[in-house]
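Descriptive analysis of the structure
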Amino acid sequence: MEAAPQVENAPPAFHILAKPAGATCNLDCTYCFFLSKEMLYPGSRFRMADELLEKYIQQLIESHRVPEVTIAWQGGEPTLMGLDFFKRSIEYQNKHKKPGMRILNTIQTNGVLLDDEWAAFFKENEFLVGISIDGPREMHDAYRVDKGGAPTFDRVIKGLSYLQKHEVDFNVLTTVHAANGDHPVEVYRCLRDEVGAEFIQFIPIIERGTPETLPVANKGWSDTLEGRPLYINDGSMVTVRSIGAEQYGKFLIGVFNEWVRHDVGQVYVQIFDVSLGSWVGAPPALCIFSPTCGNALAMEHNGDVYSCDHFVEPDYLLGNIEETHMIELVASDKQRQFGKDKLETLPQYCLDCDVRFACHGGCPKNRFIETPDGEPGLNYLCAGYKAFFHHIDRPMKIMSDLLRQNRPPAEIMIILEKEEEARLEEAFSKTRRNEPCPCGSGKKFKQCHGRS
């Protein structure tokens, strides 16, 4: 196997989302920003050729100078490629991997096509499967529908059951939007108790638009508007499905309050883990909360490489791996500048912020509103992030101290329980018989804790 080209300043590792079926999907989720990307490739079959599959895997392995490489499959819906495609990918991985190298495969799916055969393959080849579930049935089915507009919750849960049957490692990706954004505890308990998720990732739905595109976008991104490409992020307005900034902050706070009292060390919520790392002083583990970005790219079904999954647009096309080796695209001046722009375009309002260490301005795709003093480039979710990071400050400091003492962060649950017991005991001593009980039951004190 030939070595990758020697490229100055090339990162030793990077992350690339491969989309073997492009933007095609068997569902028609009304908030999906990626469905419109089909317009970038008119007339395409949206299937990665076998020769390109091998070239992709070979170049990815060649480009890494670390002992572990992650191959990430996404879409659209990647399972539309069929199981044989992924069996061939394993053959190519075994053919090209370096001595001592470990290769991990991840796949993000809506779960509808999963069955025993898929699940057995995932288990045998140690895939980590991400499955999209937006909470309880009515909240999930609000926007996650099939091509005929029919609900999908039951089919997704059935697909998940095959993963559980074969003991496949899985995590849950939950989008937060207008339909579930006001129900944090209900959503979290559904994922924890009914779905059985131990790893959860929350993704806020923010669909940008302009006065011209918004009426169309509100009907679903699969619609088109003559003369205007809906696959480009522009405008400072958002669709009716989008989560509000303060609403998202309250959602995260609601989930956190449930998690920090009951599930630390048992359920792993990505944003909470990443936040704890920030309080400990560890390097950011998630690109949206890093000072710079640029090491998380996307590759389309034909080999086109883009700066980021959220910037699959003509202006952010770096090149094609059929013509230029992947590592040259990753290390290109254009991509390095894309990553540095995240820091260099940060408004003064962010530079002066007391939670900048945890946020760093958030994802550039959401930085489209103005600061209070009129400077452009503020993250749409700023108010929510601020509220959330301020809320978790004390618990994060407690868990950070526990870690420094080589004690498990889960001990915070005992600490908070004892504090709550002390608070209630003091409140009980000051409460009269006919006043509401401080425990929050809604009963009078004499009919609740006052009885004893």
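For the structure, see preceding data.
A brief structural summary.

Conventions used here
- Residues numbered from 1 in each chain as written.
- Predicted model: local features only at pLDDT ≥ 70, side-chain atom pairs only at ≥ 80, totals over all residues.
- Heavy atoms only, no water.
- Helix = DSSP H or I, 4+ residues; strand = E, 2+ residues; numbered from the N terminus.
- Buried < 20%, exposed > 50% of the residue type's maximum accessible area, 1.4 Å probe, protein only.
- Polar contact = N/O pair within 3.5 Å; in protein donor to acceptor, adjacent residues only side chain to side chain.
- Expected span 1.5 Å × (residues − 1).
- Contact = heavy atoms within 4.5 Å.
- Arc of directions from axis to C-beta.
- Pairing = 2+ DSSP bridges.
- Axes fitted to C-alpha atoms, helices over the stretch in contact; angles between N-to-C directions.
- 1 Å grid on protein atoms, 1.4 Å probe; cavity = no way out; pocket = protein on both sides within 12 Å on 5 of 7 lines; lining within 4 Å.
- Points joined across faces, edges and corners; volume = space filled by probe spheres on them.
- Nonpolar A, V, L, I, M, F, W, Y, C, P; charged D, E, K, R; others polar.

Quick look at the side chain of T175 now. With respect to the helices and strands, T175 occurs in strand β5 (residues 170-176). Taking the relative accessible area as the measure of exposure, T175 reaches 6% and is therefore buried. For T175, the side chain forms a polar contact with the side chain of Y31, separated by 2.7 Å. Here D134 takes part through its side chain, which lies 2.7 Å from a polar atom of the side chain of T175.

With that out of the way, let us pick up helix α11 (residues 333-344). Compared with an ideal rise of 1.5 Å per residue, which puts twelve residues at 16 Å, α11 spans 15 Å between its outermost C-alpha atoms and is within 8% of the ideal. Check the buried side of α11 and you find it contacts β10 (296-299), β12 (317-320), α10 (326-330) and α13 (356-359).

Right, let's talk about helix α14 (residues 382-391) for a bit. Three or four residues apart is the spacing at which side chains of an α-helix point the same way, because the helix has 3.6 residues per turn. Within α14, the full set of buried residues consists of C382, G384, Y385, F388 and F389. Axial view of α14: buried residues confined to an arc of 160°, hence all on one face. Looking at the packing, one finds that the buried side of α14 touches α8 (245-262), α9 (270-280), α12 (348-351), α13, β14 (376-378) and α15 (393-404).

This brings us to the sheet that holds strand β2 (residues 68-73). If you walk across this open sheet you meet the ten strands as β9-β6-β5-β4-β3-β2-β1-β10-β11-β12, and the pairing is mixed. For this open sheet the edge positions go to β9 (268-269) and β12, each flanked by a neighbour on one side alone. In terms of strand pairing, strand β11 (residues 304-306) meets β12 through three bridges, oriented antiparallel. Bridge assignment links D304 to a residue of β12, and that residue is N320. Sheet contacts for α8: β5, β6 (199-204) and β9; angle to β6, the most-contacted strand, approximately 165°.

Quantified by volume, the second largest pocket comes out at close to 350 Å³. As for the second largest pocket, its lining consists of 15 residues, of which F311, Y316, T345, P364 and R367 are closest to the centre. At three residues, the largest contribution of residues to the lining of the second largest pocket is made by α11. Here the residues of the lining of the second largest pocket are counted per class, giving six nonpolar, three polar and six charged.

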